[in-house]
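Read off the chains here:
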Amino acid sequence: MENKLRVVQYGTGKMSAYTMKYVYEKGAEIVGAIDINPKVIGKDIGEIIGCEEKGIKVTSIENAESLLKELKPDVCIVTTMSLLNDVKDALLLCAKLGINAITTCEEAFFSYNSNPNVTKEIDELAKKNNCTIAGSGYQDIYWGELISAIAASTHNITKIKGSSSYNVEDYGIALAEAHGAGLTLEEFDKKIASVDRISKEERTALIESGTYSPSYMWNVNGWLARKLGLTVTSQSQKCVPTTYKKDIDSKTLNMTVKQGDATGMSAIVTTETAEGITIESECIGKVYGPDEFDKNEWTVMGEPDTTIVVNRPATVELTCATIVNRLPDVVNARPGFVPTCDMDELMYRTKALNTYVR
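Residues numbered from 1 in each chain as written. Predicted model: local features only at pLDDT ≥ 70, side-chain atom pairs only at ≥ 80, totals over all residues. Heavy atoms only, no water.

Novice: Hey, could you go over the packing of aromatic side chains for me, with residue numbers and the actual values?
Specialist: Enumeration over the complete set of coordinates arrives at nine aromatic pairs. Here the aromatic rings of Phe-109 and Trp-223 are separated by 5.2 Å at their centres, their planes lie at 10 degrees, and the arrangement is stacked. With Phe-109 in the loop between strand E5 (100–103) and helix H5 (116–128) and Trp-223 in helix H10 (residues 216–228), this residue pair connects regions lying 114 residues apart in the sequence. Judged by its relative accessible area of 0%, Trp-223 is buried. (Phe/Tyr/Trp six-rings, centres within 6.5 Å; stacked < 30°, edge-to-face > 60°. Helix = DSSP H or I, 4+ residues; strand = E, 2+ residues; numbered from the N terminus. Buried < 20%, exposed > 50% of the residue type's maximum accessible area, 1.4 Å probe, protein only.)

Rendered as C-alpha cells:
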C-alpha cells in the first residue's frame, strides 16, 4: 500500500491518547475522531494526545455515519466499552459502510462463546461489505500468543493456568463499574456474583439471548482453545470481590471505596476440553492500593512445566501498541468478524504501517 494508512478514532477517552499518538509515530494518520462526550466534542485531537494541534476536531457520535462515509478510512479504532452489546452499534456501522475496525472491547476478543448472535450479525454484514472487524489489546499477547508460544515448545500439556491483574483506574468508569468497584459486598453479590449461581442451561440461554456478561477470561479461554485446536466441552465462571485493608480514593469512580467494600473483582474461568487439557485463568481487576501493581503469570503444565511472570507491565501502553501494530493484520484479513487467533502472528512494526498492507 503506497499511501499512509488512514485511521478514524472512535472514542477519545484515556486509551485514545496512546492509540492516536502511536498511529502517528508508526507513519499513519488520524483523519477523524468521534465521541459522545460533549466536553471533548469540537476539541482538536492534539489536545487529547498532548501535542500540537493536528487540524482534526472530535465529531459528535450523532454525525458518525456521515463522517465515516465522507472520509472512507482504511480502518477505525474503537476504544469505548468492554462488552459487545455496548460497542455493537459502532462495529455494525463500520461493517455496514465496509470499513475495517478493531476494538479494545475485551469481549470482542472472542465473542463467539459469549454473544454468538450479535457476533454473527456483525460477521455477516462485514462479509457482505468486504471488511474485517476484530478485537485485540493486551490480551492478544499476554493472555494469548505468549501462552500459545509456550505451548508450542511443550511436549504434553495437562493444564494451562493463568492469572493477570490490572488497575481499573487506568481504563475509565465503565470498566471499573463492570468489575463491581465501589459496591458493598451485598451489592456485589446481587449484581455480579449472582450470575455465576446459575445452571449450565440457564447460562446457555443467557448467552443465546445476548444478555450474558462474561469476565475477560471467558473470552480469552475461548481464544486459547481455538488457537490450540482444542474442543471445549464445558466452561464455568466464578467472580469474587476484592477488598483492601484501608479506604481507597478512586478518581475514576469519583468516590472513596470504603474498607471492606469491593475494590473490584477476581474472576476465575475454568474450561474443560475433549483433549483432556484444562484451561484455568483468572483476571483481577480492581482499584489498587499504594502497594499493589499489575502482574501477569501463566503456567503451562505437562512435560515440561513452564511458568512465565511479567511484573509491572505497562498494561495501558501495551494494549494500545498492540492495537496499532495489529492494524495491517486487520486490513489484510479475510472479511467478517475475525478473531486474532485466525490472523497472522502479531509483529513489531519497524516501518510505516502501510508498508505491511498487502
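Novice: Which residues make up the sheet that holds strand E1 (residues 6–10), and what are the values?
Specialist: An order of E3-E2-E1-E4-E5-E6-E15 is seen for the seven strands of this open sheet, with the pairing classed as parallel. The open sheet terminates on both sides in strands that have one partner only, identified here as strand E3 (58–60) and strand E15 (336–337). Each of E1, strand E2 (29–35) and strand E4 (75–78) touches helix H1 (residues 14–25); the most contacted strand, E2, lies at about 165 degrees to it. Contacts from helix H11 (residues 315–332) reach E1, E4, E5 and strand E6 (132–135), with the element oriented near 145 degrees to E5. (Pairing = 2+ DSSP bridges. Contact = heavy atoms within 4.5 Å. Axes fitted to C-alpha atoms, helices over the stretch in contact; angles between N-to-C directions.)

Novice: Could you give me a rundown of the environment of Val-168, with the residues and numbers involved?
Specialist: Within the secondary structure, Val-168 sits in the loop between strand E7 (156–167) and helix H7 (173–178). Here the alpha-carbon distance between Val-168 and Ile-284, two residues 116 residues apart in the chain, equals 9.4 Å. In this view, Val-168 contacts Leu-175, Ala-176, His-179, Ala-181, Thr-252, Gly-285, Lys-286 and Val-287; residues no more than four positions away in its chain are not counted.

Novice: Could you give me a rundown of helix H6 (residues 138–152), with the residues and numbers involved?
Specialist: For H6, which comprises 15 residues, the first-to-last C-alpha distance of 20 Å matches the rise-based estimate of 21 Å (1.5 Å per residue) to within 8%. Within H6, the axis deviates most sharply at Glu-145, by approximately 30 degrees. Among the 15 residues of H6, 11 are classified as buried, and the element is accordingly described as predominantly covered. Residues of H6 that are buried in the fold lie against E7, H10, strand E12 (278–286), strand E13 (295–303), strand E14 (306–311) and H11. (Expected span 1.5 Å × (residues − 1). Bend = angle between axes of the 7 residues up to and from the residue.)

Novice: Talk me through the sheet that holds E14; I want residue IDs and the actual numbers.
Specialist: Strand pairs in the sheet, formed through backbone hydrogen bonds, run parallel or antiparallel to each other. With mixed pairing, the six strands of this open sheet are ordered in space as E8-E11-E12-E7-E13-E14. The open sheet is flanked by strand E8 (232–242) and E14, the only strands paired with a single partner. On average, each strand axis in the sheet is tilted by 10 degrees relative to the strand beside it, whichever way the strands run. Examined bridge by bridge, E8 and strand E11 (residues 264–273) share 10 bridges and lie antiparallel to one another.

Novice: How would you explain unusual backbone geometry if you had to name every residue and give the values?
Specialist: Look at the link from Glu-303 to Pro-304: it is a cis peptide, with omega at -5 degrees. Its location among the elements puts Pro-304 in the loop between E13 and E14. Of note in this structure, Asn-130 is not a glycine but carries a positive phi near 60 degrees.

Novice: Before we move on, could you go through the environment of Leu-318 and cite the residues and values that matter?
Specialist: Tracing the sequence through the fold places Leu-318 in helix H11. In the structure, Leu-318 is positioned 80 residues away from Lys-238 in sequence and 27 Å away in space, judged by C-alpha atoms. Apart from the residues lying within four places of it in its own chain, the contact partners of Leu-318 are Tyr-138, Tyr-142 and Pro-313.

Novice: Can you tell me about the nonpolar core, naming the residues and giving the values?
Specialist: Across soluble globular proteins, nonpolar side chains have a tendency to be buried as a group. With 76 residues, the main nonpolar core has Val-23, Trp-143, Tyr-166, Trp-298 and Leu-327 as its most contacted residues. It is H10 that provides the largest number of residues to this core, a total of seven residues. With near-sequence residues (within four places) excluded, Tyr-166 lies in contact with Trp-143, Tyr-171, Leu-175, His-179, Tyr-216, Cys-283, Ile-284, Gly-285, Lys-286, Tyr-288 and Asp-294. Formed by 28 residues, the second largest nonpolar core is a distinct cluster that contains Val-78, Leu-84, Cys-131 and Phe-337. (Core = buried A, V, L, I, M, F, W, Y, C linked by side-chain atoms within 4.5 Å.)

Novice: An account of the pattern of salt bridges is requested, with residue identities and associated values reported.
Specialist: Per the stated rule, a full pass over the model turns up 22 salt bridges. The partner of Lys-161 in a salt bridge is Glu-280, with the nearest N and O atoms 3.8 Å apart. Here Glu-280 lies in strand E12 and Lys-161 lies in strand E7, a separation of 119 residues in the sequence. Lys-161 sits in the partly exposed class, given a relative accessible area of 39%. Put simply, Glu-292 and Lys-286 hold a salt bridge, and the shortest N to O gap is 2.8 Å. Put simply, Asp-140, Glu-145, Arg-326, Asp-329 and Arg-349 are held in one network by salt bridges that share partners. (Salt bridge = Lys/Arg side-chain N within 4 Å of Asp/Glu carboxyl O.)

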